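# Breakdown of the fold
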Amino acid sequence: MKITFLTVGKTEDTWLKEGIDKYVKRLKHYTKLTVLEIDELKNTKSLTIDQQKSREAELILKKISPLDHVILLDENGMELTSLQFAAYIDKKSLASISSLLFIVGGPYGFDASVYERANDKLSLSNMTFSHQMVRLFFVEQLYRAHTILKGEPYHHE
């Protein structure tokens, strides 16, 4: 199964980039992971929040193929433990889903058109994190899920 992690905006802090790179490198032993970054919008001061979300949606939707099973990282999404997330990944694999696409939106979330295209929504926590930190948390959880599925000792229960 191919997994794509799509984000709006680039990871700015070096320490976060290093952490993300660490887990992306580790994930290569388990799955084909592609990380895609969409550039943040420029000159947004003249745009309303809805206009910004709409323009981001256009860029996001261009990156989605018809075969992608789309999961939005969204504060209102399903909340899973690490074991449940591993089971979720496994279930999608067993269902012959060939491509999972996880998306982190812009600072104001997603436009309605992106919600309409999504298959699932996933929340990483009830707490609010910066979009920068969510990237690191997500790739670590994806790595953790794969080690759980392989029965490796990374996760302690």
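I will try to describe carefully the structure that is included in this document. Everything numeric here is computed off the predicted structure, so don't read it as measured data.

### As for the sheet that holds strand E1 (residues 2-8)
Strand pairing within a sheet occurs via backbone hydrogen bonds; the two strands may be parallel or antiparallel. With respect to topology, 5 strands assemble into an open sheet ordered E2-E1-E4-E3-E5, the strand pairing being parallel. Lying at the two open borders of the sheet, with one neighbouring strand each, are strand E2 (32-38) and strand E5 (120-123). The mean angle between the axes of side-by-side strands here comes to 30°, regardless of whether they run parallel or antiparallel. Pairing geometry for E1 and strand E4 (residues 99-104), over 6 bridges, is parallel. Pairing of Thr7 across the sheet is with Val104, part of E4. Against the sheet, helix H3 (residues 82-94) makes contact with strand E3 (69-79), E4 and E5, and its axis sits at roughly 155° relative to E3, the strand it touches most.

### Points about the packing of helix H1 (residues 14-27) against helix H5 (residues 131-149)
Following both chains from N to C, one finds H1 and H5 inclined at 20°, their axes separated by 9 Å at the closest point. Put simply, H1 runs roughly parallel to H5. Here the hand of the crossing between H1 and H5 comes out left-handed. When H1 is examined against H5, the residues Trp15, Leu16, Gly19, Ile20, Tyr23, Val24, Arg26 and Leu27 are found in contact with a partner set consisting of Gln132, Met133, Arg135, Leu136, Val139, Glu140, Leu142, Tyr143 and His146. Residues that form the contact of H1 with H5 fall into these classes: 11 nonpolar, 3 polar and 3 charged.

### Considering the nonpolar core
Counting residues in each nonpolar core, the largest one holds 27 residues, and the members touching the most others are Phe5, Leu73, Phe85, Ile89, Phe102, Phe138 and Leu142. The leading source of residues in this core is H5, at 8 residues. If near-sequence neighbours (up to four positions away) are discounted, Phe5 is found in contact with Leu33, Thr34, Val35, Leu36, Leu73, Phe102, Val104, Arg135, Phe138 and Val139.

Analysis parameters
- Residues numbered from 1 in each chain as written.
- Predicted model: local features only at pLDDT ≥ 70, side-chain atom pairs only at ≥ 80, totals over all residues.
- Heavy atoms only, no water.
- Pairing = 2+ DSSP bridges.
- Helix = DSSP H or I, 4+ residues; strand = E, 2+ residues; numbered from the N terminus.
- Axes fitted to C-alpha atoms, helices over the stretch in contact; angles between N-to-C directions.
- Contact = heavy atoms within 4.5 Å.
- Parallel < 35°, antiparallel > 145°, perpendicular 65-115°, else oblique.
- Left-handed = near helix turned anticlockwise from the far one by under 90°.
- Nonpolar A, V, L, I, M, F, W, Y, C, P; charged D, E, K, R; others polar.
- Core = buried A, V, L, I, M, F, W, Y, C linked by side-chain atoms within 4.5 Å.
- Buried < 20%, exposed > 50% of the residue type's maximum accessible area, 1.4 Å probe, protein only.

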